[in-house]
Amino acid sequence: MSAEAEILSELEAIRLIDPHTHINPYAPASRTLADILGYHYYTELAHSAGLSRDRIEQEGLDPKEKVGRLIPWLHTIENTAQYSWLLEMCQVFFDFDDSRITESNWEALYDASFEKMKSDSWESIVLDISGLDQVYLTNDFDDALTDFDTQRYVPCLRTDDLVFHFEKEETRERLSSATDITVKDAESLHNALGSLFDHFTQNNARACAISLPPDFIPTPVSTRRADSVLHKVAIGIHLDAAERVELRSFVFWALAEQCSERQLPFNLMIGVNRRVYEGGVFQGQDLYDKRVSLIQYRQLFNAFPKVKFPTSVLSETSGQELVSYAWIFPNVIPHGHWWYSNIPVFIEQDCRARLQAVPQTKQIGYYSDMYKLEFALPKFAMYRRILARVLTADFVEDRGWSTERAVELGYRVLRGNVESVFGPPPKQAAPSKTDANALATPADDSPIVSASEDPTTT
Amino acid sequence: MSAEAEILSELEAIRLIDPHTHINPYAPASRTLADILGYHYYTELAHSAGLSRDRIEQEGLDPKEKVGRLIPWLHTIENTAQYSWLLEMCQVFFDFDDSRITESNWEALYDASFEKMKSDSWESIVLDISGLDQVYLTNDFDDALTDFDTQRYVPCLRTDDLVFHFEKEETRERLSSATDITVKDAESLHNALGSLFDHFTQNNARACAISLPPDFIPTPVSTRRADSVLHKVAIGIHLDAAERVELRSFVFWALAEQCSERQLPFNLMIGVNRRVYEGGVFQGQDLYDKRVSLIQYRQLFNAFPKVKFPTSVLSETSGQELVSYAWIFPNVIPHGHWWYSNIPVFIEQDCRARLQAVPQTKQIGYYSDMYKLEFALPKFAMYRRILARVLTADFVEDRGWSTERAVELGYRVLRGNVESVFGPPPKQAAPSKTDANALATPADDSPIVSASEDPTTT
Amino acid sequence: MSAEAEILSELEAIRLIDPHTHINPYAPASRTLADILGYHYYTELAHSAGLSRDRIEQEGLDPKEKVGRLIPWLHTIENTAQYSWLLEMCQVFFDFDDSRITESNWEALYDASFEKMKSDSWESIVLDISGLDQVYLTNDFDDALTDFDTQRYVPCLRTDDLVFHFEKEETRERLSSATDITVKDAESLHNALGSLFDHFTQNNARACAISLPPDFIPTPVSTRRADSVLHKVAIGIHLDAAERVELRSFVFWALAEQCSERQLPFNLMIGVNRRVYEGGVFQGQDLYDKRVSLIQYRQLFNAFPKVKFPTSVLSETSGQELVSYAWIFPNVIPHGHWWYSNIPVFIEQDCRARLQAVPQTKQIGYYSDMYKLEFALPKFAMYRRILARVLTADFVEDRGWSTERAVELGYRVLRGNVESVFGPPPKQAAPSKTDANALATPADDSPIVSASEDPTTT
C-alpha cells in the first residue's frame, strides 16, 4: 500500500464532528431523491446549463416529477465535483452501480432509494455509515431549540438577520417575541441579545455565526450614536446610508461582546453578496466581489482577543490572507472551505497553505455545509482524499515524516481541533488508532485555543 | 501507453475552430520569419530584456535585418512559454532540428522558412498541418468584409472604438461612412449600430467583442441622458468625466441590445489598461489592475438573460470569479485563457477549476489570439497537453473515468462548445473517433446554451 | 539518480550571494539558541498558538530561560515550514538527531549548540557550510557603515523612515546628524539625500530599499509644493492628510532620482501594513491588504527607465502582476519570495510563473530575509528543492530540456542574476561545474539589465 493510500485509510477511519451544516434537526435525512437533487448545487448548475427555474420551482411539484425534470440535465454537469458527490451518495447509500445517472436508470434508483429512506432508522443508518458523532446546526435566532437532541444536533446561533435586517419590522418582532424585550436603544438591544445567548448556551449552543458581505467593516459605535439610530428604527424613521452602517456595526459589535462574555466562538463567513442573480433558483442567486480584505476586521480582531473567530472566506483570493492573519492573530482560526471555494482545486491550495504556515492546533479542516445528512459522506470523502494527498506530498515525501505522524496531523485538523475550538462531544468518541488526540498545550499559559484535554504531550 | 498519452493523442486528433484571433484574412499566414518574430510577445520580451525599441521599430527595416536584430536577444527568453511556441513552429513548419535558435543557425532557418512561406499554398499547408477548420477574426466595425471567405475566416465585430473612442471625431466619421448615419442622439446611435450589425450578420459574423478596462461598470443610461451627451459630442462640446462614463455605458448597453435582438454572442474581455508603459514596443504597452470584479457586470448579466457572454479575464485572480459566475448565471461562459494568463501555470489552475465546477456544455477551452496562422499550432498544443494532464489527474485517476470518457469531455471544451455557442461550421468536420459530440440538452427547455444538434444522448 | 535529484544536487553546489537580509554585521551569527528561536517567525507563531507575549518579552530574560519557555509550544507549530527550517538548522549545524525538539531533548540541544556557537570561528563556519559568498544588509540611513567588511556584508540603504516618518523630529535629527544638512525645502532635502547616497555608495552599497504600504501611490510632486510642505514640517506645523501624501511622494521620488543618478537598484517591497495587531510580539504585528496593484507604480516605472527596480510583493495575489509587469517593463525585476509568501505552496506557483514568462536574465530567485546567518541554509535549501522540482517538471519533462540546461537556468536565477543586477562580488567565486554564467547580452544595446561579464554566448 502506498503512503497515500495508508494515510487515506487511517483518515477514513476517523469519526467526525461536522462543525457547520444547515441540517433541519426535525428532518435531518432525505426522504426522497428530490431532497438530494433539490440541493441548490444541483438546481443552480442545471439552471446555469439551461433548465428553466419554473420547471423545478413549480408550486406543489411531486418529488419524483421534480427529479424526473432534473435528470435530463444531469449530463451537462457530469464533470463537476458536485456531480461526483451525487454519484458517491447513490453508490454508497443506495447500491447504485452505474457510473452515470441517466434517463434510463434514474427511476429504478429513485424507487430503490425511496425504499431505503422510508425506514425509520434511515437517519441512524446515514449517521452510522458516515461516521458522524455530531452535527452542528444553523439556527434562526428565535429558534425554540426544543424537541431534538442537542447533543447530537448542536445548536449554533445564526445572526445575519439581526445585523443586516434589523430595520425590518419582522426581524424586530421576532426578536421581541423570542425575548420579551422591545429594543429601543443600546441597552435594550444588549438585553435582548443577552437573552438570546442565554437561551442558546443553555441549549448546548457552541457558536454564534454570521455571513458577511464584502464591503462590511466592523467598527465600534458609541452608545450615544446607537441610541439615536435604534430610536429611529423603533419609531419607524427610515435610516440614511451612514446610519445603516452604524446600526449594522453596532449590532455586530454587540454580538461579539456577548461571545466574549460567554466564551462562545464567533464564526465569520466573509464575502458573500446576496441576490446578485435575481432570476436564479432558490439559494442559487448569491455571488461575491473578490475585492475584500481581512484588514477590514483589524479592529474586531484587536478588540476581542478572547473570542475565537473560526473564519471562512468565500473567494480563493482571500485564502492567503486567512493563513497570514491566523499566523499572527491568536484568535483567528481558518475554518473549512466555503461554498465557491469548496472544490478540489481550491481546497488543495488552501489546505497546503494552512498546513505549511498556521499552527496545527488552530485550524479546522472541513465542514460540510450540508442541508441533508447524506452529503457529509461524499464531501468529507473529497476532503479526506485531498488531505491524504497533501500530507503525503508535503510531509511524508518532502519532509520525511512517517505516515503515522502525518495521520496525527490529519486527525488534528479533521477532528481534534473541532473539539478544542468548539468543545468535545458529550460522550467521547471511540479512541482512534493513533495518539493524535494527545497533543496538549503547556500548563503555564491560557491559550485562547486550548488543546485537547489529555495532558500527555507527545 | 499511459492514460495521459492516450488522451493527449486523441485530443491531438481533434480538428479545431479557433474562436478568437487577430488574423488578417488577406494575409493570414506569415511571409517571413519577421512576421513570426515580430509578434508582440517576442518584441516586448526582448525589449524587456534590454533590446531598444528603436532597433526593431525603425522605419523601413528589412524583414531579415529585423530578425537578425532580435536573434541575439532570444537567449534571454529561452525559458519562456512564448519561446517554446517559436521553437515548436520552427520545428514543425520549417524542419528546424536544433533546440535553440542562435546567431549561428538563424540565417539558415530564415532562408529555409522563406522558401516554404513563399509557396502559394502556404496558407493551406498551415491550416492543414494545424487541423484548423475555421478561424474567427477581429474586425474593425467599419470593415467591408469583402473579398475573403467568411466561412473559413469568420467575422467578429470588435467594438472597443465605439465604446471607448466615440468622442474622437475619427471614430464618428468612420461610423458615418460605414452606415450613412450621422449619430446625434440615442435613436440615431441605435440605427447606426443596427446597420453595422446587419452588415456583420449578413457576412457570417458569429460574435460581437470588446476588451474592457478594470474600472468599467456597465449600467443602463436613460435615453434622455444619452440624447444630451450624444448631442454634446456631435457638436464638439468636451464631456466631463461623468458624461464620459454615461456615454460609454450607453454605447455598450446599446451593443448588448443589438446582440440580444440578433442572438449574437457578446465576447467580453475584461481587465486591460491600455498604454501603461508608453515607451513599450508596438502592442507591448498594456497591463492591468487586478482590482476588478465580475460584480461590476451584475446589472448587465441580469438585464440580458438571452445574450451569451463568452467571457475572458486578464488577471488570474479573476479566474475563480469567472467560474462562480458561470456556475450561477446561465449566460456567462468562460472563454479561453487570455494574454497574461495564457501560460501553463495559470491555464492549468483555471482549466481544473472550470472542469470541476462549470457545466461542461458552457465553457470554451481555448482560443489562440494569434496574428499569424502559424501560432495556432503551438498554442493549442500547449493547451492540449495541459488539458490531457488535467483530464488524467482529476477525472481518470481521481474519479475513475475511462480515458474515452475523459476524451469526450476534452472534445466538448476544445471543439464541441465552440460550435454550440457560436454556431457550427458550414461543412461538418470529419467525425471524430469519439462520440463526444453526441451530448444533447433536453427538448423541454430552451437553454441559452444549446448543445450540439445530434439528438442522441450518451 | 532521477533528473530532479541530479538537478537539485547541482543547485546545492552553487555558492550564494544573499541579496536581502537583516544581518547585523557586528553580530552576524547566533550566540545561543535564543537568537534562533527568538526570530519573529517562531515567537509570533507560538504566540498565535497561545503563548503570552509577556512570557518571552520579559525584561532581562536569560536566553536559556527564554528558549525553555518557547519549547513547550513548538509542538503546536511542527507542521509549519518555519519549524522545518529550525529542525534543519539544528541537524546541520548542531548535530541534532531527533525529528522533534521537545521538552526532553531541548536542553542537550541548547548546550551542544552553545558550545559550537561560542567558537570564535562560528561565523566563518556558518558561512562556509552555507556556501555564502556575500550577504546584503539592511542599513539605517544614518548607519556609519564602519568596522565591518563591506565586501562580505554589503550595505543597502533602507529608506522607510525617510519616506514614512519624516514628520517625526527624531528622523529629521538623525538625518541632520548624518549629513550636517538641515532640511527645510526641496533643495536641502535633495542635498541631504545626496550626502547619504554618497556615503553609502562609497561604502560599497549595492541598493536602496524600502517597504511600502498597500495604499501607497508614488507620484511626482512639484518643487513648489514640496517647499511648502517641507517648510511646514521644519517649523513644526502638523500636516493634513493631503500634505502628508505629498511629503511621502516627494521624498520617495527624490530617492528614485538619486538611484537614477548613481545607477543604484531601488528595491521595492510592496504591500505591508504595519502594526495591524498591536498586541503581537516584537516584529509580529504586521499584516496586509491584498487590494493593491502594481498599476499604482505606473508613473514611477515610466519616469525612471534607467533605474532597476527589484520588486517583492507581499500577497500571493500580486504574483501574476509582478510577472506581467516584469514581462513588459524593462526595469521591473521580480525579487525573491517575501515574508507571508515565503512558504512552499506560494513559492512554487510564483517560481513557475516567473520561469514561464519573464526573461531569464531579469529575475532574482531568492533572498533569505534573515536576521541571523544560520537561516540562509534552510531557507535557500527550501527554495532550491522547489526550484529543482519546477525545473524538472516544466523544463526537463514538459519541454525536453537536458538536466544541464535546466541547471543553467537554475544558476541564473539563484546566483547569476544577483550579480548582473547588483554587481559581482569582489573576488570571483570558484567557477561552478556548469557554464551557466556564460550568458551574455548582445553588444549592440545598453540593456538596463546587463548580463554577466563573460562575453561568450552559449
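Placed above this text is the structure.
Note that the coordinates shown come from a computational prediction; the quantities given were computed from them, not determined experimentally.

Trainee: What's the story with the relation of the copies chain A and chain B in this structure? I'm lost.
Mentor: Here two copies of a chain appear, and what relates them is a rotation about an axis with a shift along it. Aligned on chain B, chain A shows an RMSD of 0.0 Å; the corresponding rotation is 120° and the shift along the axis is 0.0 Å. These values place the two chain copies in the arrangement generated by a three-fold rotation axis.

Trainee: Whenever I open this one, the relation of the copies chain C and chain A confuses me. Can you help?
Mentor: Under the fitted operation, chain C is carried onto chain A by 0.0 Å of movement along the axis and a turn of 120°, and the coordinates agree to an RMSD of 0.0 Å. Both copies present different contact surfaces, since only 6% of the interface residues of chain C are interface residues in chain A too.

Trainee: Mind showing me how you'd approach the pairing of strand β5 (residues 207-212) of chain A here?
Mentor: Residues in a regular strand point their side chains to alternate faces of the sheet. Residues and elements named next belong to chain A. Counting buried residues along β5, six of its six residues qualify, which places the element largely inside the surrounding structure. Pairing geometry for β5 and strand β6 (residues 266-270), over five bridges, is parallel. What sits directly across from I210, in β6, is L268.

Trainee: For this particular structure, what's the right way to read the packing of helix α10 (residues 169-179) of chain B against helix α11 (residues 186-202) of chain B?
Mentor: The relative placement of two packed helices comes down to the angle between their axes together with the axis-to-axis distance. Residue and element names in this part refer to chain B. Running from N to C, α10 and α11 cross one another at 60°; their axes reach a closest spacing of 9 Å. As summarised for this structure, α10 and α11 are arranged oblique, according to the angle between their axes. The hand of the α10/α11 crossing is left-handed. Contact residues: α10 offers L175, A178 and T179, while α11 offers A192, S195 and L196.

Trainee: What am I meant to see in the interface of chain A and chain B here?
Mentor: How large an interface is tends to be reported as the accessible area lost when its parts come together. Counting from both sides, the interface comprises 52 residues of chain A and, opposite them, 48 residues of chain B. For the pairing of chain A and chain B, the buried interface totals around 4,200 Å² over both sides, and the portion due to carbon and sulfur atoms is 51%. Per-residue buried area on chain A facing chain B is highest for H75, N79 and K290 of chain A; these three make up 16% of the total on that side. In this structure, E408 of chain B engages R100 of chain A in a salt bridge whose closest nitrogen and oxygen atoms are separated by 3.6 Å. The tally of links from chain A across to chain B stands at 33 residue pairs in polar contact (both at pLDDT 80 or more). For the side of chain A that touches chain B, the elements supplying multiple residues, two or more each, are α3 (40-49), α5 (63-74), α6 (81-94), β8 (287-288) and α16 (344-357) of chain A. For the side of chain A that touches chain B, the element with the most residues is α3 of chain A, which contributes six residues. Across the side of chain A that touches chain B, the residue classes break down as 20 nonpolar, 17 polar and 15 charged.

Trainee: Honestly, the interface of chain C and chain A in this entry has me stumped. Any pointers?
Mentor: Taken together, the contact pairs 52 residues of chain C with 48 residues of chain A. Of the roughly 4,200 Å² buried between chain C and chain A, counting both surfaces, carbon and sulfur atoms make up 51%. Counting across the interface, chain C meets chain A through four salt bridges. Between R389 of chain C and D398 of chain A there is a salt bridge, and its shortest N-O distance comes to 2.9 Å. The set of elements that each furnish at least two residues to the side of chain C that touches chain A consists of α3 (40-49), α5 (63-74), α6 (81-94), β8 (287-288) and α16 (344-357) of chain C. For the side of chain C that touches chain A, the element with the highest residue contribution is α3 of chain C, accounting for six residues.

What counts and how
- Residues numbered from 1 in each chain as written.
- Chains lettered and ligands numbered in written order.
- Predicted model: local features only at pLDDT ≥ 70, side-chain atom pairs only at ≥ 80, totals over all residues.
- Heavy atoms only, no water.
- Least-squares fit on C-alpha atoms with pLDDT ≥ 70 in both.
- Contact = heavy atoms within 4.5 Å.
- Buried < 20%, exposed > 50% of the residue type's maximum accessible area, 1.4 Å probe, protein only.
- Helix = DSSP H or I, 4+ residues; strand = E, 2+ residues; numbered from the N terminus.
- Pairing = 2+ DSSP bridges.
- Axes fitted to C-alpha atoms, helices over the stretch in contact; angles between N-to-C directions.
- Parallel < 35°, antiparallel > 145°, perpendicular 65-115°, else oblique.
- Left-handed = near helix turned anticlockwise from the far one by under 90°.
- Buried area = accessible area lost by both parts, 1.4 Å probe.
- Salt bridge = Lys/Arg side-chain N within 4 Å of Asp/Glu carboxyl O.
- Polar contact = N/O pair within 3.5 Å; in protein donor to acceptor, adjacent residues only side chain to side chain.
- Nonpolar A, V, L, I, M, F, W, Y, C, P; charged D, E, K, R; others polar.

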